[in-house]
Amino acid sequence: AVFGLALLATIVVLTPIVIVGGYVLREGFSAITPSFLLDGPIRDGREGGIFPVIVLTGYTLILVVIMAVPFGVGSAIFLAEYARPGRLLRFINLTIINLAGVPSIVYGLFGAAFFLDLLGGSKSLWVVSATLALQALAIIITSSREALLSVTRGIRDGSLALGVSKLRTTFFITLPQALPGIITGVLLAISRAAGETAPVIVVGAIIA
């Protein structure tokens, strides 16, 4: 009975998705032409193609990865392996988790105030990339920290008992074990950054 109810719930959830997806493919597939994919937009995007948008999205994601991934994974390693347990650590972890749920429009407003007003930057690709990187940081740190904490404690203890240093244990034993979870978190953060429009509009870094 439980299996049947679960199957029924799955069908109920997937049916609207299949209907909407089929309608979009049927009505929109004819509009996907070589000129639509390779030309630039005209008349404020009402006509023309999407090629510049694809290129700029790729550049933006590359910058987001460069800015967010090293700092996010490094912060997760420190919080999971080296930070001293206590109230401050619990407060930091709670704050990072809450930042992962902040709406994207808030990050856009913060990016505009910090990078444009406070730092005096100009509307450019690096500004919107930095804003999206700040948004991705919370997801990367949270997922990477959970992946590191999921590694069995005995693996660390066994390495340390054999005389391996804490640093080598972290980077050559613990980190490879947690790498699948870290990669999953990074992909989720980058995919969310790729789909965000509010920070881009608020910061004003729309480059035609």
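Okay, so let's go over this structure. (Residues numbered from 1 in each chain as written. Predicted model: local features only at pLDDT ≥ 70, side-chain atom pairs only at ≥ 80, totals over all residues. Heavy atoms only, no water.)

## Remarks on empty space enclosed by the protein
Applying the stated rule across the entire model yields one cavity of 30 Å³ or more. Together, Asn93, Ile96, Ile97, Ile141, Thr142, Arg145 and Glu146 line the largest cavity. Contributing elements (two or more residues each) for the lining of the largest cavity: α4 (87–100) and α6 (125–149). With four residues, the top contributor of residues to the lining of the largest cavity is α6. (1 Å grid on protein atoms, 1.4 Å probe; cavity = no way out; pocket = protein on both sides within 12 Å on 5 of 7 lines; lining within 4 Å. Points joined across faces, edges and corners; volume = space filled by probe spheres on them. Helix = DSSP H or I, 4+ residues; strand = E, 2+ residues; numbered from the N terminus.)

## Focus: the nonpolar core
What tends to happen in soluble globular proteins is that the nonpolar side chains get buried as a cluster. Core analysis: the largest hydrophobic core is formed by 25 residues, its most contacted members being Ile140, Leu148 and Ile182. Taken together, the elements giving at least two residues each to this core come down to α3 (51–82), α6 and α8 (166–195). When residues in this core are grouped by element, the largest group, 10 residues, is from α6. Among residues more than four places away in sequence, those in contact with Ile182 are Val73, Ser144, Ala147 and Leu175. (Core = buried A, V, L, I, M, F, W, Y, C linked by side-chain atoms within 4.5 Å. Buried < 20%, exposed > 50% of the residue type's maximum accessible area, 1.4 Å probe, protein only. Contact = heavy atoms within 4.5 Å.)

## Re the side chain of Thr174
With respect to the secondary-structure elements, Thr174 resides in helix α8. Judged by relative accessible area, Thr174 falls into the buried class, the value being 0%. In contact with Thr174, other than residues within four places in its own chain, are Glu81, Leu148, Val151, Arg156 and Thr169.

Any link to function would need more than the numbers given here.
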